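Chain by chain, the residues:
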Amino acid sequence: MTLEQFRTEFATEPGRRRLGYAPDAERQDRVDRILADEHHLQQIFQQWQGRREKAHAFEKTERRRTWGWVGVGLLFAGLTLAVTGANLVAEHEHRVSDGPCYERPHLYSDRTTTVCPAHTEPTYDGYRAAWSVLGWGAGGGMTVAGLVLIVRHPRF
């Protein structure tokens, strides 16, 4: 905003509100004196610019801080989801017994143990599929998004 634009905005009550001055903070006779004195108007304009720059810098810092913490939250949530999904999917086989059973003698005694040959088969169910997609897909995506936010908004 230039000094002339500031002058036209400052001259009216709605304009002063848009500039951030409280209503009736400046009475009209005082405003007329300020507008008539170029040096005083320039000082007020510079003060207004300084306040505006400080407010903008504060908002930028707050935004950076907020998005940095959102990134940390996404990172931890994504890692938790990925680890939980991986642990729930890890036990994905079950033991199946097939074939005839036989007695196997113990090495140093007369006792025997019944042995039935067995093998494992993978378990396919919706529960494990859903956790696999959630853990690796959504958890991985959240982790990457969290890392991106942390890198883009440092010093939070």
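Scroll up to find the structure.
Let me begin by describing the structure that accompanies this report. Bear in mind that the values here come from a model prediction, so they are computed numbers and not experimental data.

Focus: the overall build of the protein
Argument step 1. Secondary structure assignment for the protein yields five helices and four strands.
Argument step 2. For 156 residues, the compact-globule estimate of 2.2 N^0.38 gives 15 Å, and the C-alpha radius of gyration of the protein, at 36 Å, exceeds that figure by more than 25%.
Argument step 3. With respect to the three principal axes, the spread of C-alpha positions in the protein is 115 × 30 × 25 Å.
Argument step 4. A total of about 11,300 Å² of accessible surface is found on the protein, and carbon and sulfur atoms cover 59% of it.
Argument step 5. Looking at the protein, you have 20 positive and 19 negative side-chain charges, and the mean spots of the two groups are 7 Å apart.

Looking at helix α1 (residues 3-10)
Argument step 1. Inspection of α1 places Leu3, Phe6, Arg7 and Phe10 among the buried residues, and these make up the whole buried set. Along the long axis of α1, the arc covered by the buried residues comes to 105°, so they all point the same way.

Considerations on the packing of aromatic side chains
Argument step 1. Using the criterion set out here, one finds one aromatic pair in the structure.
Argument step 2. For the ring pair phenylalanine 45 and tryptophan 48, a centre distance of 6.2 Å and an interplane angle of 25° mean the geometry is stacked. Taken together, the positions of phenylalanine 45 and tryptophan 48, both in helix α4 (residues 38-90) and three residues apart, correspond to about one turn of that helix. The two residues phenylalanine 45 and tryptophan 48 agree in class, both being buried.

Concerning the packing of α4 against helix α5 (residues 126-152)
Argument step 1. Interhelical geometry of α4 versus α5 gives an angle of 155° and a closest axis separation of 7 Å. In this view, α4 runs roughly antiparallel relative to α5, as classed from their interaxial angle. In this structure, α4 meets α5 at a crossing whose hand is left-handed.
Argument step 2. For the contact of α4 with α5, a count of residues per class yields 22 nonpolar, ten polar and one charged.

Remarks on the side chain of threonine 143
Argument step 1. Inspection of the secondary structure assignment puts threonine 143 in helix α5.
Argument step 2. Residue classification places threonine 143 among the buried residues on the basis of a relative accessible area of 12%.

So, the environment of arginine 18
Argument step 1. Its place among the elements puts arginine 18 in helix α2 (residues 13-19).
Argument step 2. Residue classification places arginine 18 among the exposed residues on the basis of a relative accessible area of 59%.

Details of the pairing of strand β2 (residues 102-105)
Argument step 1. Both β2 and strand β3 (residues 112-115) contribute to a ladder of four bridges, which runs antiparallel. Looking at the pairing, proline 105 lines up with threonine 112 of β3.
Argument step 2. Here β2 folds back onto β3, and the loop between the two strands holds six residues.

Things to note about the packing of α1 against α4
How two helices pack is summed up by the angle between their axes together with the distance between the axes.
Argument step 1. Axis separation between α1 and α4 bottoms out at 11 Å; the angle between their running directions is 95°. Considering the angle they form, α1 stands roughly perpendicular to α4. Every residue of α4 that contacts α1 at Leu3, Phe6, Arg7 and Phe10 is listed here: Glu38, Leu41, Gln42, Ile44, Phe45 and Trp48.
Argument step 2. Here the residues of the contact of α1 with α4 sort into seven nonpolar, one polar and two charged.

So, how was this worked out
- Residues numbered from 1 in each chain as written.
- Predicted model: local features only at pLDDT ≥ 70, side-chain atom pairs only at ≥ 80, totals over all residues.
- Heavy atoms only, no water.
- Helix = DSSP H or I, 4+ residues; strand = E, 2+ residues; numbered from the N terminus.
- Rg over C-alpha atoms; globule rule 2.2 N^0.38 Å.
- Areas by Shrake-Rupley, 256 points an atom, 1.4 Å probe, with all protein chains shown as cover.
- Lys, Arg positive; Asp, Glu negative; His and termini not counted.
- Charge placed at Lys NZ, Arg CZ, Asp CG, Glu CD.
- Buried < 20%, exposed > 50% of the residue type's maximum accessible area, 1.4 Å probe, protein only.
- Arc of directions from axis to C-beta.
- Phe/Tyr/Trp six-rings, centres within 6.5 Å; stacked < 30°, edge-to-face > 60°.
- Axes fitted to C-alpha atoms, helices over the stretch in contact; angles between N-to-C directions.
- Parallel < 35°, antiparallel > 145°, perpendicular 65-115°, else oblique.
- Left-handed = near helix turned anticlockwise from the far one by under 90°.
- Nonpolar A, V, L, I, M, F, W, Y, C, P; charged D, E, K, R; others polar.
- Pairing = 2+ DSSP bridges.
- Contact = heavy atoms within 4.5 Å.

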